[in-house]
Amino acid sequence: MSALLVVRPGALTTVQDPGRPGHAHLGVPRSGALDTAAYALANRLLGNPPDAAALETTLDGVGLRALAETVVAVTGAPCPVRVSGRPVAWGAPVWLPAGAELEVGRAESGLRSYAAVRGGLSVPPVLGSRATDLLSGLGPPVLSAGTLLPVGPPGSDPACGADACGLPGPPAELLLPLRLGPRADWFTRASLDGMWRASFRVSALSNRIGLRTEAGAPLVRSRREELPSEGMVLGAVQVPPDGLPVVFLADHPVTGGYPVVGVVPPGPALDAAAQARPGTPVRFLRAR
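Residues numbered from 1 in each chain as written. Predicted model: local features only at pLDDT ≥ 70, side-chain atom pairs only at ≥ 80, totals over all residues. Heavy atoms only, no water.

### Some words on the pattern of salt bridges
Item 1. Evaluation of the coordinates by the stated rule reveals 11 salt bridges.
Item 2. Here Arg 283 ties to Glu 173 by a salt bridge, and the two come within 3.0 Å at their closest N and O atoms. Here Arg 283 is found in strand E20 (residues 281-286), whereas its partner Glu 173 is found in the loop between strand E11 (148-150) and strand E12 (174-180), with 110 residues between them in sequence.
Item 3. Accessibility expressed as a relative area gives 33% for Glu 173, which makes it partly exposed.
Item 4. As a salt-bridge pair, Arg 189 and Asp 193 come within 3.9 Å of each other at their nearest N and O atoms. (Salt bridge = Lys/Arg side-chain N within 4 Å of Asp/Glu carboxyl O. Helix = DSSP H or I, 4+ residues; strand = E, 2+ residues; numbered from the N terminus. Buried < 20%, exposed > 50% of the residue type's maximum accessible area, 1.4 Å probe, protein only.)

### Here's the deal with the side chain of Arg 112
Item 1. Its place among the elements puts Arg 112 in strand E10 (residues 112-117).
Item 2. A polar contact is formed between the side chain of Arg 112 and the backbone oxygen of Ala 274, at a distance of 2.7 Å.
Item 3. Leaving out residues up to four positions away in the same chain, Arg 112 has contacts with Leu 34, Glu 56, Thr 57, Thr 58, Gly 76, Ala 77, Asn 207, Arg 208, Ala 274 and Gln 275. (Polar contact = N/O pair within 3.5 Å; in protein donor to acceptor, adjacent residues only side chain to side chain. Contact = heavy atoms within 4.5 Å.)

### Quick word on the pairing of E12
Item 1. Note: E12 against E20, five bridges, orientation parallel. Note that in E20 the partner of Pro 177 across the bridge is Leu 285.
Item 2. As defined by bridge partners, E12 adjoins strand E19 (residues 260-263) across two bridges and the pair is classed as antiparallel. Its bridge partner being in E19, Arg 179 is matched across the sheet by Val 263. (Pairing = 2+ DSSP bridges.)

### A closer look at the pairing of E10
Item 1. Burial runs high along E10: six of the six residues are buried.
Item 2. The side-chain alternation of E10 yields two buried faces, one formed by Arg 112, Tyr 114 and Ala 116 and the other by Ser 113, Ala 115 and Val 117.
Item 3. In this sheet, E10 lies alongside strand E3 (residues 54-58) in antiparallel orientation, the contact comprising four bridges. Within E10, the position partnered with Thr 58 by the bridge is Arg 112.
Item 4. Bridge count for strand E5 (residues 70-76) against E10 is five bridges, and the pairing is antiparallel. In the sheet register, Val 72 faces E10, and the bridge partner there is Val 117.

### Quick notes on the sheet that holds E5
Item 1. Reading across from one edge, E2-E3-E10-E5-E8 is the order of the five strands in this open sheet, with antiparallel pairing throughout. Each edge of the open sheet is held by one strand with a lone partner, namely strand E2 (14-16) and strand E8 (94-96). On average, adjacent strands in this sheet sit at an angle of 35° to one another, irrespective of strand direction.
Item 2. The strands touched by helix H1 (residues 36-46) within the sheet are E2, E3, E5 and E10, with E5 carrying the most contacts at an inclination of about 155°. (Axes fitted to C-alpha atoms, helices over the stretch in contact; angles between N-to-C directions.)

### Notes on the packing of aromatic side chains
Item 1. Enumeration over the complete set of coordinates arrives at one aromatic pair.
Item 2. Between Phe 200 and Phe 284, the ring centres sit 5.8 Å apart and the planes meet at 75°, which makes this aromatic pair edge-to-face. Of this pair, Phe 200 sits in strand E13 (residues 200-202) while Phe 284 is found in strand E20, placing the two residues 84 residues apart along the sequence. (Phe/Tyr/Trp six-rings, centres within 6.5 Å; stacked < 30°, edge-to-face > 60°.)

### Topic: unusual backbone geometry
Item 1. Residue Pro 182 is reached from Gly 181 by a cis peptide bond, and omega for that bond is 10°.
Item 2. For Pro 182, the position within the fold is in the loop between E12 and helix H2 (189-195).
Item 3. For Ser 31, which is not a glycine, the phi torsion comes out positive at approximately 60°.
Item 4. Checked against the element boundaries, Ser 31 lands in the loop between E2 and H1.
Item 5. When its relative accessible area of 0% is taken as the criterion, Ser 31 is described as buried.

### Some thoughts on the nonpolar core
As a rule of thumb, soluble globular proteins bury nonpolar side chains together.
Item 1. Judged by nonpolar contacts, the single largest core of 43 residues is most densely connected at Val 247, Val 261 and Phe 284.
Item 2. Of all the secondary-structure elements, those providing two or more residues to this core are H1, E5, E10, E12, H2, E13, helix H3 (268-274) and E20.
Item 3. Looking at which element gives the most residues to this core, the answer is H1, with six residues.
Item 4. The residues contacting Phe 284, other than those within four sequence positions of it, are Leu 176, Leu 178, Met 195, Trp 196, Phe 200, Val 237, Pro 245 and Val 247. (Core = buried A, V, L, I, M, F, W, Y, C linked by side-chain atoms within 4.5 Å.)

### Considerations on H1
Item 1. Among all positions in H1, only Ala 38, Tyr 39, Leu 41, Ala 42, Asn 43, Leu 45 and Leu 46 are buried.
Item 2. Residues of H1 that are buried make contact with E2, E3, E5 and E10.
Item 3. Of the residues one or two after H1, Gly 47 is the one with positive phi, at around 75°.

### Quick look at the sheet that holds strand E17 (residues 246-248)
Item 1. Taking strand neighbours around the barrel as the criterion, the seven strands line up as E12-E19-E16-E17-E14-E13-E20 in a closed arrangement whose pairing is mixed. On average, each strand axis in the sheet is tilted by 40° relative to the strand beside it, whichever way the strands run.
Item 2. Judged from the three bridges that link them, strand E16 (residues 236-238) and E19 form a sheet pairing that is antiparallel. Paired with Ala 236 across the bridge in E19 is Val 263.

Structure below.
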């Protein structure tokens with residue numbers, strides 16, 4: 001049987017793929033891998049299809065046992081990787097003999113690592129995706145010890161891992177390009193001008209739903225009435241009553257009642273947000 005057995009689930013390890021976009025009208029969030037570049041690289045290293053499901057770990061990695069020989073790759077947050085206690089390469093294909101244990105260690109920097117297996121994880125899809133959605137509960141449950149993860153048939157040969165070095169490392173400062181709107185007019189001009197100069201920090205309350213900020217100058221509303229619920233998109237920056245921006249990530253809700261001051265476009269900035277640890281400085285930049 002080609003499968004991986006979870007020996008150590010880690011603090012928060014989930015199955016992820018590109019997610020299930022296109023279902024917001026049904027009340028279903030997008031979900032999917034937070035660091036899309038690191039996830040894509042892990043699959044590319046193994047010759048997997050770009051939508052093959054992999055594991056997303058949070059901070060302290062995961063431990064797995066191979067029930068049949070296979071090839072794995074670990075990307076994302078740099079971390080020690082071992083096979084049956086022996087150090088092996090990060091960011092490159094690694095052979096895993098039958099019965100061997102893969103140990104993805106604690107992130108040395110950044111927050112989320114991606115562990116992919118050749119053939120991809122073949123857990124049952126829900127609405128066309130194998131992604132775990134923490135907000136809606138769709139997809140496979142968060143990993144626990146003893147979980148058996150079936151592996152699909154292998155595709156093409158694994159690729160060279162040289163391009164792993166091309167990915168940017170975890171940010172020392174998170175710079176988020178912001179396109180104002182649709183509700184920027186709900187805030188005073190002075191606080192909007194101040195937002196470009198303010199330095200926020202990543203809050204420890206951040207998760208896959210949203211990156212919360214703290215410590216910066218709060219945005220001040222110019223309008224006090226209630227706002228009806230509106231559709232939310234990936235990267236929307238919502239401002240709750242405390243005035244501190246929240247950047248919606250992959251498991252974000254599909255509607256919200258607080259004004260959205262702007263949107264961070266999908267791309268490298270949101271990938272960097274996936275790796276920003278609590279306390280990381282955050283600045284918003286005018287998007288071109």
